[in-house]
Amino acid sequence: MEDARGLLKQYFGFDDFREGQKPLIDAVLDGRDVLGIMPTGAGKSLCFQIPALMMPGITLVVSPLISLMKDQVGALNQAGIHAAFLNSSLSMGQYRKALDLAREGRYKIIYVAPERLETEGFLRFALSPGVDISFLAVDEAHCVSQWGQDFRPSYLKILSFLEKLPRRPVLGAYTATATVEVKEDVLDILNLRDPLVVTTGFDRANLFFGVKKPRDKYRELESYLREKEEKMPGSSGIVYCLSRKSVEEVCYQLREAGFSVTRYHAGLSDTERRENQDDFIYDRRQIMVATNAFGMGIDKPDVRFVIHYNMPKNMESYYQEAGRAGRDGEPAECILYFGAADQRTNRFLIEHGEDNQELDEETRRIVMEKDLGRLKQMTFYCATSGCLRHYILDYFGEESSAECRNCSNCLEEFDLLDVTEQAEAVVRCIEGCQRSFGVNLIVDVLRGADNQKIRQRGLEENPEYKALPDMTVPRLKQLINEMMMQGFLNLSNDDYPVIELTDRSEELLSGEKLVIKVPKREEKQAPKARKK
Ligand code: ADP
């Protein structure tokens with residue numbers, strides 16, 4: 001029998017396994033369940049494709065996305081491996097034909113959508129005499145978890161499907177989501193037996209991470225691209241936008257400005273999407289402006305930058321999208337442009353979006369709350385003055401040093417500003433309000449704004465009204481954000497999020513110090529709180 005390394009070379013053309021691949025493959029071949037947690041681009045697919053080639057019988061791969069299945073099956077067929085997919089993109093006739101061929105043993109690997117597993121036709125196939133399903137691989141396994149970013153109730157069918165099989169196949173689960181909750185859920189829900197769990201490092205040392213808060217995002221982008229053009233002519237990059245509309249606008253503007261640019265979003269025809277994607281992959285166009293619809297299953301190794309024109313909805317999405325830069329291991333940049341509107345838009349999308357339509361009301365509410373929690377963590381990434389890489393790795397449960405020296409915060413020179421007095425003023429201001437208010441109104445009160453909202457609510461009477469008249473709005477918001485990140489304040493999950501005190505707020509009034517970092521290049525400002 002061919003050994004795994006031989007197959008790696010023969011079918012995929014690679015000489016060596018990457019971190020984690022070999023142990024995951026070997027365990028499956030030994031008949032042991034596995035859980036592989038590896039970042040996007042690390043090479044999870046080979047971890048189930050190679051054992052599939054070496055085991056007797058058929059390997060089923062459960063996968064959530066039609067496009068992903070098509071791409072992988074296409075690539076396998078091209079490599080000379082017999083594989084097929086079964087999902088709703090097939091007509092009834094095609095589906096039956098595929099099942100017939102599968103029954104005849106024509107495919108070594110079959111990709112299947114989770115909804116199919118328990119359909120009558122599929123079960124009949126799976127239970128046919130002579131059909132031996134020896135290995136079941138669950139791709140994007142985080143979909144079983146309500147903690148995951150894309151919970152799919154249909155993933156829960158995997159277990160009952162397994163129970164119906166005459167012989168339980170070896171089970172492999174693969175995901176790029178490494179949070180503790182998701183990992184526990186995957187192990188539990190899929191009921192993995194004494195699995196080998198392999199987690200490879202999430203750090204991508206060649207990526208530079210940056211956050212910017214440009215006044216004018218488009219101008220920032222254009223000057224960034226001009227500089228790139230000068231220093232590294234011809235380099236490719238992706239610009240991610242939150243909506244189709246902004247993809248259109250940004251793409252149009254860049255084209256007018258003379259850049260080699262194309263676009264991708266779900267509103268375009270299949271043909272145009274395919275063409276634009278190819279233009280980008282084959283370097284006919286350098287810049288791809290796209291929504292998050294672009295990227296899954298696309299492997300362009302030399303993407304030199306990924307710019308997020310808007311903040312995405314959570315860290316999982318961000319790291320996945322940003323991670324499309326620098327797959328070749330050469331230096332690449334991932335820069336996020338943050339604007340206050342991004343948070344509102346994401347909130348809106350979470351609350352009114354089309355995701356999670358298949359969930360019942362109760363589950364939808366739970367998922368929405370978790371989504372809002374994740375959005376908050378994403379916002380903190382944009383607000384932190386600490387090391388960005390450390391923040392990311394910490395989010396994914398990995399330990400790392402406090403400074404990476406390869407992110408915008410590590411390279412920025414900061415002054416430390418003691419804002420303990422100011423933080424006290426914030427706490428007293430909130431205490432002094434009859435009810436809870438949003439960040440903007442609290443900022444107005446502290447700065448002593450004289451507007452209708454303040455007057456209508458009698459907020460001039462607040463003991464801290466005009467307590468911080470000299471602090472700029474961004475600085476005050478930074479302070480409030482820092483207080484939230486450290487748990488001294490909380491932002492509610494309501495339609496209009498309000499600031500609330502926490503158990504820890506009092507600590508600030510009884511001696512706890514608070515320091516924020518202020519970029520040296522910014523005007524120094526350490527305004528005093530007004531003395532009582
Ligand atoms: P993931 O599913 O983890 O995001 P993929 O399985 O799509 O990653 O693999 C990402 C890319 O890495 C693919 O282009 C794949 O061909 C390549 N790759 C996988 N394993 C190896 C290897 N051992 N050596 C070189 N390239 C590899």
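Residues numbered from 1 in each chain as written. Predicted model: local features only at pLDDT ≥ 70, side-chain atom pairs only at ≥ 80, totals over all residues.

The protein has the name DNA helicase RecQ in an unreviewed UniProt entry, where Anaerostipes caccae is given as its organism. Quoted verbatim from the Catalytic activity (unreviewed entry) heading of the UniProt record, the comment on the protein is "Couples ATP hydrolysis with the unwinding of duplex DNA by translocating in the 3'-5' direction." Taken verbatim from the UniProt record of the protein, the Sequence similarities (unreviewed entry) comment is "Belongs to the helicase family. RecQ subfamily." (UniProt positions renumbered as here; feature names shortened; annotations may be inferred.)

A. Summary view of the site of the ligand. Taken together, 14 residues form the shell around the ligand, and within it F14, G43, K44, S45 and D299 come nearest. Looking at which element gives the most residues to the shell around the ligand, the answer is helix α3 (residues 44-54), with 3 residues. When the residues that make up the shell around the ligand are grouped by side-chain class, the tally is 5 nonpolar, 5 polar and 4 charged. (Near = placed C-beta within 6 Å. Helix = DSSP H or I, 4+ residues; strand = E, 2+ residues; numbered from the N terminus. Nonpolar A, V, L, I, M, F, W, Y, C, P; charged D, E, K, R; others polar.)

B. Inspection of the sheet that holds strand β2 (residues 58-62) at higher detail. Overall, parallel pairing links the 7 strands, which are arranged β3-β4-β2-β5-β6-β1-β7 in an open sheet. Lying at the two open borders of the sheet, with one neighbouring strand each, are β3 (83-86) and β7 (196-199). The sheet shows a mean angle of 15° between the axes of neighbouring strands, direction not considered. Bridge analysis of strand β5 (residues 133-138) against strand β6 (residues 170-175) gives 4 bridges, and the strand direction is parallel. (Pairing = 2+ DSSP bridges. Axes fitted to C-alpha atoms, helices over the stretch in contact; angles between N-to-C directions.)

C. Region of interest: the nonpolar core. The biggest cluster of nonpolar side chains holds 118 residues, and the ones touching the most others in it are I110, V138, A173, L190, V239, V289 and V306. Counting residues per element, this core draws most heavily on helix α14 (residues 361-383), at 6 residues. Beyond its immediate stretch of four places on either side in the chain, V306 contacts G237, I238, Y240, E321, A322, R324, A325 and C334. Among the nonpolar cores identified, the runner-up in size contains 26 residues, and A423, V445, L446 and I480 belong to it. (Core = buried A, V, L, I, M, F, W, Y, C linked by C-beta atoms within 7 Å. Buried ≥ 20, exposed ≤ 12 C-beta atoms within 10 Å, placed from the backbone. Contact = placed C-beta atoms within 7 Å.)

D. Structural detail: the sheet that holds strand β10 (residues 261-264). What the 6 strands build is an open sheet, ordered β8-β13-β12-β9-β11-β10; its pairing is parallel. At either margin of the open sheet sits one strand with a lone partner, and together these are β8 (207-212) and β10. Averaged over all adjacent pairs, the angle separating strand axes in this sheet is 15°, with direction ignored.

E. Local environment of the environment of C433. Structurally, the position occupied by C433 is in the loop between α17 (420-431) and α18 (439-447). Overall, C433 belongs to the partly exposed group, with 17 C-beta atoms counted inside 10 Å. Once the C-alpha coordinates of C433 and I335 are considered, the two residues, 98 residues apart in sequence, prove to be 38 Å apart.

F. Here's a closer look at helix α9 (residues 217-231). If you check α9, its first and last C-alpha atoms are 21 Å apart, about what 15 residues at 1.5 Å a residue would give, namely 21 Å. When we look at burial in α9, the residues that qualify are K217, L221 and L225. Projected down its long axis, α9 shows its buried positions confined to an angular sector of 65°, all on one face. In α9, those exposed residues whose orientation departs by more than 90 degrees from the buried face are R219, S223, E227, E230 and K231. Among the structural elements, β9 (236-240), β11 (287-290), β12 (303-308) and β13 (332-337) are those in contact with the buried residues of α9. (Expected span 1.5 Å × (residues − 1). Arc of directions from axis to C-beta.)

G. Representation of the packing of α18 against helix α20 (residues 473-485) within the structure. Packing of α18 against α20 leaves a shortest axis separation of 10 Å and a crossing angle of 120°. As summarised for this structure, α18 and α20 are arranged oblique, according to the angle between their axes. For the pair α18 and α20, the crossing hand works out as right-handed. The segment α18 lies against α20, with V439, V443, L446 and R447 engaging V473, L476, K477 and I480. Within the contact of α18 with α20, the residues separate by chemical class into 6 nonpolar, no polar and 2 charged. (Parallel < 35°, antiparallel > 145°, perpendicular 65-115°, else oblique. Left-handed = near helix turned anticlockwise from the far one by under 90°.)

H. Structural context of unusual backbone geometry. With phi around 50°, E140 is a residue other than glycine that occupies positive phi space. With respect to the element layout, E140 can be found in the loop between β5 and α7 (157-164). Here the phi dihedral of N191 falls at roughly 55°; this positive angle occurs in a residue that is not glycine. Judged by the 14 C-beta atoms lying within 10 Å of it, N191 is partly exposed.

I. Region of interest: the environment of H265. In this structure, H265 sits in the loop between β10 and α11 (270-281). The spatial distance from the C-alpha of H265 to the C-alpha of V247 is 7.7 Å, given a sequence separation of 18 residues. When near neighbours in sequence (up to four residues on either side) are disregarded, H265 contacts R244, V247, A290, T291 and A293.

J. Just the pairing of β5, in detail. Extensive coverage of β5 is indicated by the burial of 5 of its 6 residues. Pairing of β2 with β5 involves 5 bridges; the strand directions are parallel. By the bridge assignment, T59 is partnered in β5 with F135.

K. Looking closely at the packing of helix α1 (residues 4-12) against α3. One way to put it is that α1 packs onto α3 with a least axis distance of 10 Å and a crossing angle of 105°. Of the possible angle classes, the one that applies to α1 and α3 is roughly perpendicular. Taken together, the residues of α3 that come into contact with α1 (itself represented by A4, L7, L8 and F12) are L46, I50, L53 and M54. Partitioned by chemical class, the residues of the contact of α1 with α3 number 8 nonpolar, no polar and no charged.

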